[in-house]
Amino acid sequence: MKSIYDLTLDNMEKEFLELGEKKFRTSQVFEWLYRKHVTSFDDMTNLSQGLRELLKQTYTLSPLEISQKQRSQDGTVKYLFKVEDGYIETVLMTHPYGKSLCVTSQLGCNMGCQFCASGLLKKKRNLTTAEIVNQVMTVGNDLGETITHVVVMGIGEPFDNYDHLMDFIRIINHPKGLAIGARHITVSTCGLTKRIADYANEGIQINLAISLHAPNDEIRDQLMPINKVHPMDELRAAIQSYIEKTNRRVTIEYILLRGINDELIHARQLAHYLRGLNVYVNLIPYNNVDEHGYQQSLRTSVDAFKDELIRLKINVTERKEHGRDIDGACGQLRMKKEG
Ligand code: SAH
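Residues numbered from 1 in each chain as written. Predicted model: local features only at pLDDT ≥ 70, side-chain atom pairs only at ≥ 80, totals over all residues. Heavy atoms only, no water.

Caption draft 1: Fine view of the overall build of the protein. Counting secondary structure elements, the protein contains twelve helices and 14 strands. In summary, the protein has a C-alpha radius of gyration of 21 Å against a globular reference of 20 Å for 339 residues, a match within 12%. For the C-alpha atoms alone, the extent of the protein along its principal axes is close to 70 × 40 × 35 Å. Counting only residues that meet the buried cut, the protein has 55% of its 339 residues in that class. When contacts within the protein are restricted to residue pairs at least 6 apart in sequence, those whose partners lie at least 24 apart make up 67%. Surface summary for the protein: the accessible area is close to 14900 Å², and the carbon and sulfur share equals 48%. Each charge class in the protein was averaged separately, 42 positive and 43 negative side chains, and the resulting centres sit 4 Å apart. (Helix = DSSP H or I, 4+ residues; strand = E, 2+ residues; numbered from the N terminus. Rg over C-alpha atoms; globule rule 2.2 N^0.38 Å. Buried < 20%, exposed > 50% of the residue type's maximum accessible area, 1.4 Å probe, protein only. Contact = heavy atoms within 4.5 Å. Areas by Shrake-Rupley, 256 points an atom, 1.4 Å probe, with all protein chains shown as cover. Lys, Arg positive; Asp, Glu negative; His and termini not counted. Charge placed at Lys NZ, Arg CZ, Asp CG, Glu CD.)

In C-alpha coordinates:
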(Lines give C-alpha, C1' and ligand atoms only; values in the text may rest on other atoms or scores of the structure.)
Protein backbone atom coordinates (compact mmCIF):
# COMPACT_ATOMS: atom_id res chain seq x y z
CA MET A 1 0.00 0.00 0.00
CA LYS A 2 1.14 3.49 -0.75
CA SER A 3 2.07 5.93 2.01
CA ILE A 4 0.10 9.13 2.40
CA TYR A 5 3.49 10.88 2.79
CA ASP A 6 4.14 10.16 -0.89
CA LEU A 7 1.60 12.76 -1.94
CA THR A 8 2.12 16.41 -2.69
CA LEU A 9 -0.97 18.52 -2.13
CA ASP A 10 -1.64 18.56 -5.88
CA ASN A 11 -1.33 14.80 -6.20
CA MET A 12 -3.49 14.26 -3.14
CA GLU A 13 -6.17 16.46 -4.71
CA LYS A 14 -6.09 14.33 -7.86
CA GLU A 15 -6.32 11.09 -5.91
CA PHE A 16 -9.10 12.37 -3.66
CA LEU A 17 -11.14 13.42 -6.68
CA GLU A 18 -10.71 9.91 -8.07
CA LEU A 19 -11.87 8.49 -4.75
CA GLY A 20 -14.95 10.69 -5.04
CA GLU A 21 -13.83 13.04 -2.26
CA LYS A 22 -13.91 16.82 -2.21
CA LYS A 23 -10.75 18.72 -2.97
CA PHE A 24 -10.81 20.78 0.23
CA ARG A 25 -10.43 17.60 2.29
CA THR A 26 -6.81 17.48 1.20
CA SER A 27 -6.07 20.71 3.04
CA GLN A 28 -7.56 19.18 6.16
CA VAL A 29 -5.52 16.01 5.79
CA PHE A 30 -2.37 18.01 5.11
CA GLU A 31 -3.00 20.01 8.25
CA TRP A 32 -3.41 16.86 10.34
CA LEU A 33 -0.25 15.38 8.92
CA TYR A 34 2.09 18.33 8.85
CA ARG A 35 0.73 20.82 11.38
CA LYS A 36 -0.69 18.54 14.04
CA HIS A 37 1.57 15.57 13.38
CA VAL A 38 -1.05 12.89 13.96
CA THR A 39 0.08 9.31 13.56
CA SER A 40 -3.26 7.69 12.77
CA PHE A 41 -6.18 8.42 10.45
CA ASP A 42 -8.51 7.98 13.43
CA ASP A 43 -7.08 11.14 14.95
CA MET A 44 -8.31 13.21 11.99
CA THR A 45 -11.46 14.06 13.85
CA ASN A 46 -12.96 16.59 11.45
CA LEU A 47 -13.14 13.96 8.70
CA SER A 48 -16.16 11.71 8.43
CA GLN A 49 -15.88 8.16 9.69
CA GLY A 50 -16.38 7.00 6.10
CA LEU A 51 -13.46 9.04 4.79
CA ARG A 52 -11.19 7.90 7.60
CA GLU A 53 -12.00 4.29 6.73
CA LEU A 54 -11.38 4.94 3.06
CA LEU A 55 -8.02 6.53 3.83
CA LYS A 56 -7.06 3.60 6.03
CA GLN A 57 -7.83 1.19 3.22
CA THR A 58 -5.94 3.26 0.68
CA TYR A 59 -2.83 4.61 2.42
CA THR A 60 -0.40 3.83 5.19
CA LEU A 61 0.63 6.46 7.69
CA SER A 62 3.46 4.90 9.59
CA PRO A 63 6.65 6.54 10.81
CA LEU A 64 10.06 5.09 10.05
CA GLU A 65 11.29 2.42 12.41
CA ILE A 66 14.18 3.71 14.52
CA SER A 67 16.87 1.07 14.65
CA GLN A 68 19.55 3.11 16.37
CA LYS A 69 20.00 6.62 17.68
CA GLN A 70 23.30 8.21 18.70
CA ARG A 71 23.71 11.54 20.41
CA SER A 72 26.99 13.40 20.11
CA GLN A 73 28.64 15.66 22.68
CA ASP A 74 27.89 18.65 20.46
CA GLY A 75 24.14 17.90 20.31
CA THR A 76 24.19 16.21 16.91
CA VAL A 77 21.77 13.29 16.78
CA LYS A 78 22.21 10.54 14.25
CA TYR A 79 19.37 8.19 13.38
CA LEU A 80 19.50 4.86 11.67
CA PHE A 81 16.10 3.81 10.33
CA LYS A 82 15.30 0.26 9.34
CA VAL A 83 13.43 -0.34 6.10
CA GLU A 84 12.64 -3.72 4.59
CA ASP A 85 15.75 -3.88 2.43
CA GLY A 86 18.26 -1.79 4.33
CA TYR A 87 18.98 1.21 6.51
CA ILE A 88 18.50 4.95 6.12
CA GLU A 89 20.72 7.46 7.92
CA THR A 90 19.55 10.89 8.99
CA VAL A 91 21.46 13.46 11.03
CA LEU A 92 20.08 16.34 13.06
CA MET A 93 22.43 19.24 13.76
CA THR A 94 21.90 22.14 16.11
CA HIS A 95 23.02 25.55 14.86
CA PRO A 96 22.62 29.00 16.35
CA TYR A 97 20.02 29.66 13.64
CA GLY A 98 17.96 26.50 14.16
CA LYS A 99 17.75 22.75 13.73
CA SER A 100 19.02 21.36 10.49
CA LEU A 101 18.29 17.86 9.24
CA CYS A 102 20.53 16.05 6.79
CA VAL A 103 18.41 13.56 4.85
CA THR A 104 19.24 10.56 2.70
CA SER A 105 17.87 10.18 -0.82
CA GLN A 106 18.87 6.65 -1.88
CA LEU A 107 19.67 3.26 -0.39
CA GLY A 108 23.37 3.17 -1.21
CA CYS A 109 24.96 5.22 -3.97
CA ASN A 110 26.38 4.56 -7.43
CA MET A 111 28.47 7.67 -7.89
CA GLY A 112 31.62 5.96 -6.63
CA CYS A 113 33.40 8.97 -5.08
CA GLN A 114 36.69 7.59 -3.85
CA PHE A 115 36.74 9.28 -0.46
CA CYS A 116 33.13 8.62 0.53
CA ALA A 117 31.82 5.85 2.77
CA SER A 118 28.36 5.85 1.19
CA GLY A 119 29.57 4.40 -2.09
CA LEU A 120 31.03 1.36 -0.39
CA LEU A 121 27.45 0.08 -0.52
CA LYS A 122 26.12 0.15 -4.06
CA LYS A 123 22.74 1.67 -4.74
CA LYS A 124 19.91 -0.73 -4.13
CA ARG A 125 17.15 1.65 -5.04
CA ASN A 126 15.83 5.18 -4.81
CA LEU A 127 14.02 6.10 -1.63
CA THR A 128 10.34 6.86 -2.10
CA THR A 129 9.09 10.37 -1.50
CA ALA A 130 7.43 9.09 1.67
CA GLU A 131 10.69 7.68 2.99
CA ILE A 132 12.39 11.04 2.54
CA VAL A 133 9.47 13.01 4.02
CA ASN A 134 9.27 10.53 6.86
CA GLN A 135 12.87 11.21 7.90
CA VAL A 136 11.79 14.76 8.69
CA MET A 137 8.51 13.71 10.31
CA THR A 138 9.94 10.90 12.41
CA VAL A 139 12.89 12.87 13.76
CA GLY A 140 10.72 15.93 14.43
CA ASN A 141 8.17 13.85 16.32
CA ASP A 142 10.75 11.78 18.16
CA LEU A 143 12.57 14.83 19.50
CA GLY A 144 9.59 17.14 19.71
CA GLU A 145 11.68 19.66 17.77
CA THR A 146 10.74 21.90 14.90
CA ILE A 147 13.11 21.32 12.04
CA THR A 148 13.90 24.65 10.45
CA HIS A 149 16.41 23.65 7.79
CA VAL A 150 16.80 20.63 5.53
CA VAL A 151 19.90 19.62 3.62
CA VAL A 152 19.77 16.75 1.15
CA MET A 153 23.34 15.64 1.78
CA GLY A 154 22.89 12.22 3.28
CA ILE A 155 23.55 9.01 1.41
CA GLY A 156 22.85 8.94 -2.30
CA GLU A 157 22.78 11.34 -5.20
CA PRO A 158 19.55 13.34 -4.93
CA PHE A 159 19.54 14.27 -8.63
CA ASP A 160 19.65 10.55 -9.46
CA ASN A 161 16.25 10.37 -7.69
CA TYR A 162 14.93 13.60 -9.13
CA ASP A 163 11.15 13.14 -9.17
CA HIS A 164 10.92 11.86 -5.61
CA LEU A 165 13.29 14.59 -4.49
CA MET A 166 11.15 17.29 -6.03
CA ASP A 167 7.93 15.89 -4.54
CA PHE A 168 9.66 15.78 -1.16
CA ILE A 169 10.64 19.42 -1.53
CA ARG A 170 7.11 20.42 -2.59
CA ILE A 171 5.69 18.74 0.50
CA ILE A 172 8.06 20.16 3.09
CA ASN A 173 8.04 23.61 1.45
CA HIS A 174 4.27 23.91 1.04
CA PRO A 175 2.67 26.49 3.38
CA LYS A 176 0.09 23.85 4.32
CA GLY A 177 2.83 21.23 4.67
CA LEU A 178 5.85 21.71 6.91
CA ALA A 179 6.31 25.22 5.50
CA ILE A 180 10.09 25.00 5.54
CA GLY A 181 11.18 27.98 3.46
CA ALA A 182 12.84 27.24 0.13
CA ARG A 183 15.84 29.26 1.24
CA HIS A 184 16.17 26.89 4.17
CA ILE A 185 16.41 23.85 1.89
CA THR A 186 19.68 22.82 0.23
CA VAL A 187 20.26 20.07 -2.29
CA SER A 188 23.81 18.85 -2.81
CA THR A 189 24.89 17.15 -6.03
CA CYS A 190 28.09 15.65 -7.37
CA GLY A 191 27.32 17.38 -10.66
CA LEU A 192 24.60 15.81 -12.79
CA THR A 193 24.53 18.73 -15.23
CA LYS A 194 21.22 18.00 -16.95
CA ARG A 195 19.48 17.86 -13.62
CA ILE A 196 21.09 21.12 -12.55
CA ALA A 197 19.38 22.62 -15.60
CA ASP A 198 16.04 21.05 -14.66
CA TYR A 199 16.39 22.27 -11.10
CA ALA A 200 17.03 25.81 -12.37
CA ASN A 201 13.70 25.66 -14.18
CA GLU A 202 11.63 24.60 -11.17
CA GLY A 203 11.00 28.22 -10.24
CA ILE A 204 11.55 27.62 -6.53
CA GLN A 205 14.21 29.37 -4.49
CA ILE A 206 15.97 26.32 -3.08
CA ASN A 207 19.72 26.36 -2.48
CA LEU A 208 22.09 24.37 -4.61
CA ALA A 209 25.43 22.98 -3.40
CA ILE A 210 27.96 21.40 -5.74
CA SER A 211 30.39 18.78 -4.47
CA LEU A 212 33.42 19.94 -6.43
CA HIS A 213 36.31 18.74 -4.24
CA ALA A 214 38.95 19.30 -6.91
CA PRO A 215 40.54 22.22 -8.74
CA ASN A 216 41.14 20.49 -12.08
CA ASP A 217 39.91 17.57 -14.19
CA GLU A 218 42.94 15.44 -13.50
CA ILE A 219 42.33 15.35 -9.76
CA ARG A 220 38.56 15.30 -10.06
CA ASP A 221 38.68 12.36 -12.48
CA GLN A 222 40.52 10.40 -9.82
CA LEU A 223 38.28 11.37 -6.94
CA MET A 224 34.88 11.42 -8.61
CA PRO A 225 34.07 9.13 -11.57
CA ILE A 226 31.14 11.39 -12.51
CA ASN A 227 33.73 13.88 -13.75
CA LYS A 228 34.54 11.59 -16.67
CA VAL A 229 30.93 11.86 -17.78
CA HIS A 230 30.44 15.55 -16.97
CA PRO A 231 33.85 17.23 -16.84
CA MET A 232 34.52 20.51 -15.07
CA ASP A 233 33.93 22.79 -18.08
CA GLU A 234 30.48 21.33 -18.58
CA LEU A 235 29.80 21.58 -14.86
CA ARG A 236 30.89 25.20 -14.80
CA ALA A 237 28.55 26.03 -17.68
CA ALA A 238 25.67 24.34 -15.82
CA ILE A 239 26.44 26.30 -12.64
CA GLN A 240 26.67 29.55 -14.59
CA SER A 241 23.37 28.99 -16.31
CA TYR A 242 21.75 28.03 -12.98
CA ILE A 243 22.96 31.28 -11.43
CA GLU A 244 21.74 33.32 -14.39
CA LYS A 245 18.28 31.74 -14.26
CA THR A 246 17.74 31.78 -10.51
CA ASN A 247 19.87 34.66 -9.31
CA ARG A 248 20.90 32.43 -6.45
CA ARG A 249 24.36 32.10 -5.03
CA VAL A 250 25.67 28.54 -5.28
CA THR A 251 27.71 26.74 -2.63
CA ILE A 252 30.86 24.97 -3.76
CA GLU A 253 31.78 22.15 -1.40
CA TYR A 254 35.45 21.31 -1.22
CA ILE A 255 36.78 18.57 1.03
CA LEU A 256 40.43 19.16 1.82
CA LEU A 257 42.40 15.92 1.44
CA ARG A 258 45.95 15.88 2.66
CA GLY A 259 48.46 16.01 -0.18
CA ILE A 260 45.77 15.52 -2.82
CA ASN A 261 43.93 18.79 -3.38
CA ASP A 262 45.04 21.06 -0.54
CA GLU A 263 48.08 22.86 -1.89
CA LEU A 264 48.41 26.53 -2.80
CA ILE A 265 48.51 25.76 -6.50
CA HIS A 266 45.15 24.02 -6.09
CA ALA A 267 43.68 27.05 -4.33
CA ARG A 268 44.83 29.19 -7.27
CA GLN A 269 43.36 26.79 -9.84
CA LEU A 270 40.12 26.69 -7.89
CA ALA A 271 39.95 30.49 -7.75
CA HIS A 272 40.55 30.61 -11.48
CA TYR A 273 37.79 28.08 -12.14
CA LEU A 274 35.29 29.96 -10.00
CA ARG A 275 36.20 33.45 -11.18
CA GLY A 276 33.08 35.35 -12.28
CA LEU A 277 30.59 32.95 -10.68
CA ASN A 278 28.35 34.03 -7.83
CA VAL A 279 29.48 31.28 -5.48
CA TYR A 280 31.10 30.72 -2.16
CA VAL A 281 33.41 27.91 -1.22
CA ASN A 282 32.66 25.80 1.82
CA LEU A 283 35.81 24.03 2.96
CA ILE A 284 34.92 20.70 4.54
CA PRO A 285 37.13 18.85 6.98
CA TYR A 286 37.45 15.25 5.78
CA ASN A 287 35.98 12.61 8.03
CA ASN A 288 38.41 9.75 7.80
CA VAL A 289 36.96 6.58 6.30
CA ASP A 290 39.11 3.59 7.27
CA GLU A 291 38.66 1.78 3.97
CA HIS A 292 39.85 4.64 1.79
CA GLY A 293 43.19 5.81 3.10
CA TYR A 294 42.64 9.53 2.52
CA GLN A 295 43.49 11.86 5.37
CA GLN A 296 42.24 15.14 6.69
CA SER A 297 44.43 18.11 5.72
CA LEU A 298 46.73 19.58 8.32
CA ARG A 299 45.53 22.70 10.09
CA THR A 300 48.34 24.74 8.51
CA SER A 301 47.31 23.62 4.99
CA VAL A 302 43.68 24.48 5.64
CA ASP A 303 44.63 27.96 6.83
CA ALA A 304 46.97 28.54 3.91
CA PHE A 305 44.39 27.30 1.39
CA LYS A 306 41.73 29.51 2.88
CA ASP A 307 43.99 32.57 3.01
CA GLU A 308 44.94 32.07 -0.62
CA LEU A 309 41.27 32.00 -1.66
CA ILE A 310 40.62 35.13 0.38
CA ARG A 311 43.60 36.83 -1.22
CA LEU A 312 42.16 35.93 -4.62
CA LYS A 313 38.80 37.40 -3.55
CA ILE A 314 36.86 34.15 -3.47
CA ASN A 315 34.22 33.94 -0.75
CA VAL A 316 35.11 31.13 1.57
CA THR A 317 33.83 29.59 4.79
CA GLU A 318 34.91 26.57 6.74
CA ARG A 319 32.40 23.96 7.78
CA LYS A 320 32.34 23.10 11.43
CA GLU A 321 32.57 19.43 12.15
CA HIS A 322 29.52 17.83 13.67
CA GLY A 323 29.12 14.54 15.39
CA ARG A 324 32.72 13.45 15.06
CA ASP A 325 32.32 11.10 18.00
CA ILE A 326 29.29 9.33 16.48
CA ASP A 327 30.45 8.10 13.07
CA GLY A 328 29.80 11.50 11.56
CA ALA A 329 30.87 10.73 8.01
CA CYS A 330 28.22 9.87 5.51
CA GLY A 331 27.39 6.20 5.44
CA GLN A 332 29.54 5.19 8.37
CA LEU A 333 26.83 4.16 10.78
CA ARG A 334 24.87 2.32 8.15
CA MET A 335 27.96 0.54 6.97
CA LYS A 336 28.61 -0.85 10.42
CA LYS A 337 25.16 -2.45 10.28
CA GLU A 338 25.27 -3.81 6.77
CA GLY A 339 28.91 -4.00 5.83
N1 SAH B 1 25.64 12.93 -3.75
C2 SAH B 1 25.51 14.23 -3.22
C3 SAH B 1 25.03 14.30 -1.79
C4 SAH B 1 25.59 13.30 -0.81
S5 SAH B 1 27.25 13.48 -0.27
C6 SAH B 1 26.79 14.99 -3.38
O7 SAH B 1 27.74 14.43 -3.89
O8 SAH B 1 26.82 16.17 -3.07
C9 SAH B 1 27.20 14.89 0.78
C10 SAH B 1 28.52 15.61 0.93
O11 SAH B 1 29.39 14.95 1.84
C12 SAH B 1 29.28 15.69 -0.38
O13 SAH B 1 29.86 16.95 -0.54
C14 SAH B 1 30.31 14.61 -0.18
O15 SAH B 1 31.33 14.77 -1.07
C16 SAH B 1 30.67 14.79 1.27
N17 SAH B 1 31.39 13.67 1.87
C18 SAH B 1 31.37 12.37 1.53
N19 SAH B 1 32.19 11.65 2.29
C20 SAH B 1 32.77 12.49 3.16
C21 SAH B 1 33.71 12.34 4.19
N22 SAH B 1 34.23 11.16 4.50
N23 SAH B 1 34.08 13.46 4.89
C24 SAH B 1 33.53 14.66 4.59
N25 SAH B 1 32.63 14.86 3.62
C26 SAH B 1 32.26 13.80 2.90
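Caption draft 2: Structural view of the domain arrangement of the protein. As assigned here, the protein comprises domain 1 (2–60) and domain 2 (65–338). Counting residues at the interface gives 14 residues for domain 1, matched by 16 residues for domain 2. Summed over both partners, the interface of domain 1 with domain 2 comes to about 1200 Å²; 61% of that surface belongs to carbon and sulfur atoms. The interface formed by domain 1 and domain 2 contains zero salt bridges. Run the count over domain 1 and domain 2 and you get five residue pairs in polar contact (both at pLDDT 80 or more). Among the secondary structure elements, those contributing two or more residues to the side of domain 1 that touches domain 2 are helix 1 (9–18) and helix 2 (24–35). The leading source of residues in the side of domain 1 that touches domain 2 is helix 2, at six residues. (Domains from an automatic or database assignment. Buried area = accessible area lost by both parts, 1.4 Å probe. Salt bridge = Lys/Arg side-chain N within 4 Å of Asp/Glu carboxyl O. Polar contact = N/O pair within 3.5 Å; in protein donor to acceptor, adjacent residues only side chain to side chain.)

Caption draft 3: Representation of helix 3 (residues 49–58) within the structure. The complete set of buried residues in helix 3 reads L51, R52 and L55. Mapping the buried residues of helix 3 onto a view down its axis gives an arc of 100°, with all of them on the same face. (Arc of directions from axis to C-beta.)

Caption draft 4: Quick peek at the sheet that holds strand 5 (residues 86–95). Reading across from one edge, 3-4-5-6-9-10-11-12-13-14 is the order of the ten strands in this open sheet, with mixed pairing throughout. Whereas interior strands pair on both sides, the edge strands pair on one side only; in this sheet they are strand 3 (65–71) and strand 14 (316–318). Each strand axis lies, on average, 20° off the axis of its neighbour in the sheet, ignoring direction. Pairing between strand 6 (residues 98–102) and strand 9 (residues 149–152): three bridges, direction parallel. When the bridges of strand 9 are listed, C102 appears paired with V151. (Pairing = 2+ DSSP bridges. Axes fitted to C-alpha atoms, helices over the stretch in contact; angles between N-to-C directions.)

Caption draft 5: Layout of the pairing of strand 6. Among the five residues in strand 6, five count as buried, and that is most of the element. Direction of pairing for strand 5 relative to strand 6: antiparallel, over a ladder of five bridges. Residue M93 lies in a different strand from strand 6, and its bridge partner there is S100. The antiparallel hairpin formed by strand 5 and strand 6 contains two residues in its connecting segment.

Caption draft 6: Highlighting the packing of helix 1 against helix 2. Relative to each other, helix 1 and helix 2 sit at 130°, their axes nearing to 9 Å. With respect to each other, helix 1 and helix 2 are oriented oblique. Crossing hand, helix 1 versus helix 2: right-handed. Where helix 1 abuts helix 2, its residues L9, M12, E13 and F16 lie against R25, T26, S27, V29, F30 and L33. (Parallel < 35°, antiparallel > 145°, perpendicular 65-115°, else oblique. Left-handed = near helix turned anticlockwise from the far one by under 90°.)

Caption draft 7: How the structure looks around the side chain of T189. The residue T189 is located in strand 10 (residues 185–189) in this model. In this structure T189 comes out as buried when scored by relative accessible area, which is 1%.

Caption draft 8: Representation of the nonpolar core. Judged by nonpolar contacts, the single largest core of 101 residues is most densely connected at F168 and V281. The two domains that each donate at least three residues to this core are domain 1 (2–60) and domain 2 (65–338). (Core = buried A, V, L, I, M, F, W, Y, C linked by side-chain atoms within 4.5 Å.)

Caption draft 9: The site of the ligand, seen in detail. In the vicinity of the ligand, 20 residues are found, and the nearest of them are E157, S188, S211, H213 and N287. In the environment of the ligand, an oxygen atom lies 3.4 Å from a nitrogen or oxygen atom belonging to the backbone of T189. At 3.4 Å, a side-chain N or O of E253 approaches an oxygen atom of the ligand. Surface burial for the ligand is 95%, taken as the share of its 530 Å² of free accessible area covered by protein chains. Of all the secondary-structure elements, those providing two or more residues to the shell around the ligand are strand 10 and strand 12 (250–256). (Near = heavy atom within 4 Å.)

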